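So the chains spell out like this:
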Amino acid sequence: EPEVTQTPSHQVTQMGQEVILRCVPISNHLYFYWYRQILGQKVEFLVSFYNNEISEKSEIFDDQFSVERPDGSNFTLKIRSTKLEDSAMYFCASSPTGTMNTEAFFGQGTRLTVV
Amino acid sequence: GEDVEQSLFLSVREGDSSVINCTYTDSSSTYLYWYKQEPGAGLQLLTYIFSNMDMKQDQRLTVLLNKKDKHLSLRIADTQTGDSAIYFCAENEDSSYKLIFGSGTRLLVRP
């Protein structure tokens, strides 16, 4: 069964460093998303991406964050200068269309720890 | 802003029914969803309901929607130990593709 895969499963980085979280969405999907879950808090939407551009983003997704689909298969989330409060589980998701009755398939997540 | 609330924990005996409740605030939600998260895994969509429906049944799962009270529930019949997981309620915000999640209900099924 096709699945969304994320790498690495756990990343530890020093405050101020740049990190890139990687995702391989399901191959025929067109819409891509990043969500995050800070420990003990809710899963929060960060950004959606379609046709090589951001279609929606939340107030969390500030200038420190960027997304890219560099080679037609990977979908990456970059955090330019990590802060302690960026420590969270980051989930990538993809869906075949952007209609709301479409299942968004989620990856298993990357746990980012900023020290 | 929009908010989704769930109770944090539910414990049931194997074979009993489980009912997980959720309340939401966005009256313009078009779809409401239930996701399941097993340890070390991603979020798996279990079922969803369109906002003009009151009920949806899918095998052991029954979703009830009370739009007036903005209350959503997930009933799992004949709960099994494999159903132990965290269950997230979610709605789409303002008819967009952005999902607003609850904090999740941890279901523990006792043998």
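Residues numbered from 1 in each chain as written. Chains lettered and ligands numbered in written order. Predicted model: local features only at pLDDT ≥ 70, side-chain atom pairs only at ≥ 80, totals over all residues. Heavy atoms only, no water.

Q: Can you lay out the pattern of salt bridges for me, pointing to particular residues and giving the numbers?
A: All chains considered together, the criterion is met by six salt bridges over all chains. B:E38 is the salt-bridge partner of B:K36, the closest N and O atoms lying 3.9 Å from each other. The class for B:K36 is buried, based on a relative accessible area of 10%. One network of salt bridges, in which partners are shared, links A:K42, B:D3 and B:E5. (Salt bridge = Lys/Arg side-chain N within 4 Å of Asp/Glu carboxyl O. Buried < 20%, exposed > 50% of the residue type's maximum accessible area, 1.4 Å probe, protein only.)

Q: Help me get a handle on the sheet that holds strand β8 (residues 75–79) of chain A, residues and values and all.
A: All names here are of chain A. Strand order in the open sheet formed by four strands is β1-β3-β8-β7, with antiparallel pairing between adjacent strands. With one partner strand each, in any of the chains shown, β1 (5–7) and β7 (65–68) form the two edges of the open sheet. Within the sheet, the average angular offset between the axes of one strand and its neighbour, ignoring direction, is 20 degrees. Sheet topology note: the β7/β8 ladder contains four bridges and is antiparallel. Residue pairing for β8: E68 is matched across the bridge by T76. (Pairing = 2+ DSSP bridges. Helix = DSSP H or I, 4+ residues; strand = E, 2+ residues; numbered from the N terminus. Axes fitted to C-alpha atoms, helices over the stretch in contact; angles between N-to-C directions.)

Q: I'd like to hear about the packing of aromatic side chains, residue by residue, with values.
A: Under the counting rule described, the total for this entry stands at 17 aromatic pairs over all chains. Aromatic pair A:Y35 and A:F106: ring centres 5.5 Å apart, planes at 50 degrees, arrangement tilted. Of this pair, A:Y35 sits in strand β4 (residues 31–37) while A:F106 sits in strand β10 (residues 105–106), placing them 71 residues apart in sequence. Like A:Y35, the residue A:F106 is buried in the burial classification. Measuring from ring centre to ring centre gives 5.6 Å for A:Y35 and B:F101, while their planes differ by 90 degrees; the resulting arrangement is edge-to-face. Taken as a pair, A:Y35 in strand β4 and B:F101 in strand β10 (residues 99–101) lie in two separate chains rather than in one. One aromatic cluster in this structure is built from A:Y35, A:F45, A:F106, B:Y31, B:Y33, B:Y35, B:Y48, B:F50, B:F88 and B:F101. The side chain of B:K56 reaches across the aromatic face of B:Y48, ending 4.2 Å from its centre. (Phe/Tyr/Trp six-rings, centres within 6.5 Å; stacked < 30°, edge-to-face > 60°. Lys NZ or Arg CZ within 6 Å of the ring centre and 35° of its normal.)

Q: Before we move on, can you summarise the pairing of strand β9 (residues 88–95) of chain A with the specific residues and values?
A: Residue and element names in this part refer to chain A. With eight of its eight residues buried, β9 lies for the most part within the structure. Of the two faces of β9, both are covered, the one formed by A88, Y90, C92 and S94 as well as the one formed by M89, F91, A93 and S95. Looking at chain direction, β9 and strand β11 (residues 110–114) are connected through three bridges and run antiparallel. Looking across to β11, one finds that A88 is bridged to L112. As judged from the two bridges shared by β9 and β10, these two strands associate in the antiparallel manner. Bridge pairing links S94 to F105 in β10.

Q: Account for a nonpolar patch on the surface, naming residues and giving values.
A: Together, B:L8, B:F9 and B:L108 line one region of the surface with nonpolar side chains, adding up to about 320 Å² of accessible area. Position of B:L108 among the secondary structure elements: in strand β11 (residues 105–110). (Patch = residues over 30% accessible without salt bridge, like charges linked within 9 Å, V, L, I, M, F, W, Y side chains within 5 Å. Areas by Shrake-Rupley, 256 points an atom, 1.4 Å probe, with all protein chains shown as cover.)

Q: Could you give an account of the pairing of strand β3 (residues 18–24) of chain B, naming the residues involved and the relevant values?
A: Residue and element names in this part refer to chain B. Residues S18, I20, C22 and Y24 line the buried face of β3, whereas the alternating positions V19, N21 and T23 sit on a face that is not buried. By the bridge criterion, three bridges tie strand β1 (residues 4–6) to β3 in an arrangement that is antiparallel. Bridge pairing in β3 places E5 opposite T23. Looking at chain direction, β3 and strand β8 (residues 71–76) are connected through six bridges and run antiparallel. Across the sheet, S18 pairs through a bridge with I76, a residue of β8.

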